[in-house]
Amino acid sequence: MEYFKINGGKKLFGQISVHGAKNSALPILASTLLIKGESVIHNCPDLSDVRVTLDILKSLGCKVKRENDTVLVDASNVTNNEISEKTMRTMRSSIIFLSALLSRQGSASIFYPGGCEIGVRPIDLHLKALKDLGANVSVNGSSINADAALIIGTKIILPFPSVGTTENIIIASAISKGKTVIVNPAREPEISDLADFLNHCGAKIYGAGESTIVIDGVNSLYPYEHTIIPDRILASTYMSLGAVCSKELTVNNIRQSHLSPVFPVFNEMGCKIYLSDNSLTLVSPKRLKRVKSIKTMPYPGFPTDSQSPVAVALSLANGTSILQETIFENRFRYVSELNRFGTDIEIKDNIAVINGVDKLHCANVHATDLRGGAALVVAALCASGESNIYSIEHIDRGYENLENALSSIGADIKRSKNEGATKEKTVKKEYE
């Protein structure tokens, strides 16, 4: 297995760019199944989750080609409506193929998806929504089967603004009969990106990013060339890194509005943020200040995916900060590994009490999930000495060639082969 070898304690500097959003790429790629022709998707990150998604598309009969950060998907001849259990267990977002296959093939046969063990993420909202749209859905053990001669528009009120459920409803309803209304949908920028792509393909989706989404079903969609939005979670990870490892760091290829939920936290820590059209420069104080309280919330609240890297920054702040997680009950699993670096974080239920320390020391740790793994990288870069981070397959799911990106701003980080078992505890492979 591969791992990161990091010599920390170095001041980072310069400029670093953000790649396309993972959480946009996956649903957009799945939705290309609705289009009988070749879709061209630009700014598509080369992540392990994206590669799995492209493998799924190939297994369903699509022709797929990647040219640098552009992916071409020709779904003219979709020949299959099944996805294997092994593939489904690879990533949580594979559930998005349920609506895409149902819309394109009239039926779908898949299995319960996998995922990082950061909390219970039931798919009952997905299944109920498809039933409300006229699909026959049956569950037998871990297998899910659905069929529908025609998707019929209806009104769906979500008890929680689930991102995946909102995406499944949008994809299922794009080609349908009648009007679908989603009340209390997810408002994340990635939802708007999916709607923008489908609208350019001929769909009629209104209100993405707002409290109600309306979808007027159309008979068919046509190919389009689309550019995926920048990854706001990656940008916030770089900001966290800059706050503790750099006096001044510029992050390029961002959307300012997408990062507005995290700006107040960095300002409260004492950082100054200078914005231009598509970049920001973060200037850090000599010592970060504590943040009284952070509470993760659905967008436009503070994102749960950003809390673990931010926790590292708060660990080096002057004072005690409170971080409350409201989305995933096991999101703090990374803390036991992070504390190996000398952080002082106490967890009680869904609240982390972060007592700032003066410095971190090197450690050998295992990534437990995608975002927690990124936090460990940030900690290792702050710590003095050589650290090893294992189980980095989690990190590769959301960060493209992270070692190359960080090396460009002065980090001493290398990807190495693990030639033997470490004496550290082994963490079971998991997926978010």
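See the structure above.
This part covers the packing of helix α4 (residues 97-105) against helix α6 (residues 163-174). Remark: α4 packs on α6, axes separated minimally by 8 Å, with the N-to-C direction vectors making an angle of 5°. In terms of orientation, α4 lies roughly parallel with respect to α6. Every residue of α6 that contacts α4 at S99, A100 and S103 is listed here: N168, I171 and A172. In the contact of α4 with α6, the residues fall into three nonpolar, three polar and no charged.

The next point concerns helix α8 (residues 232-245). With 14 residues, α8 extends 20 Å from end C-alpha to end C-alpha; this agrees with the ideal 20 Å at 1.5 Å per step. For α8, the tally of buried residues reaches 14 of 14 residues, placing the bulk of the element in the interior. Where α8 begins, one side-chain oxygen reaches toward the backbone nitrogen of I233, 3.0 Å away; that side chain belongs to D231.

The next subject is helix α1 (residues 22-31). Counting buried positions along α1 gives nine out of ten residues, so the element sits mostly inside the fold. Within α1 the residues assigned to the buried category are K22, S24, A25, L26, P27, I28, L29, A30 and S31.

Ranked by internal contacts, the top residues of the largest apolar core, which has 73 residues, are F266, F341, V377, I389 and L406. Examining the composition of this core, we find that ten residues originate from one element, helix α13 (residues 370-382), more than from any other. Counting residues in hydrophobic clusters, the runner-up holds 70 residues, among them L34, L102, I123 and I228.

This part covers the state of the cysteines. As enumerated under the stated definition, the model contains zero disulfides in all. This cysteine, C382, is not joined by any disulfide, and C245 carries the nearest cysteine sulfur, 3.2 Å off. Residue classification places C382 among the buried positions, given a relative accessible area of 15%.

Further remarks concern empty space enclosed by the protein. Using the criterion set out here, one finds three cavities of 30 Å³ or more in the structure. Approximately 60 Å³ is the volume attributed to the largest cavity. Considering each element in turn, the lining of the largest cavity owes the most residues, four residues, to α13. Grouping the amino acids of the lining of the largest cavity by side-chain chemistry returns eight nonpolar, one polar and no charged.

Procedures and definitions
- Residues numbered from 1 in each chain as written.
- Predicted model: local features only at pLDDT ≥ 70, side-chain atom pairs only at ≥ 80, totals over all residues.
- Heavy atoms only, no water.
- Axes fitted to C-alpha atoms, helices over the stretch in contact; angles between N-to-C directions.
- Helix = DSSP H or I, 4+ residues; strand = E, 2+ residues; numbered from the N terminus.
- Parallel < 35°, antiparallel > 145°, perpendicular 65-115°, else oblique.
- Contact = heavy atoms within 4.5 Å.
- Nonpolar A, V, L, I, M, F, W, Y, C, P; charged D, E, K, R; others polar.
- Expected span 1.5 Å × (residues − 1).
- Buried < 20%, exposed > 50% of the residue type's maximum accessible area, 1.4 Å probe, protein only.
- Polar contact = N/O pair within 3.5 Å; in protein donor to acceptor, adjacent residues only side chain to side chain.
- Core = buried A, V, L, I, M, F, W, Y, C linked by side-chain atoms within 4.5 Å.
- Disulfide = S-S within 2.5 Å.
- 1 Å grid on protein atoms, 1.4 Å probe; cavity = no way out; pocket = protein on both sides within 12 Å on 5 of 7 lines; lining within 4 Å.
- Points joined across faces, edges and corners; volume = space filled by probe spheres on them.

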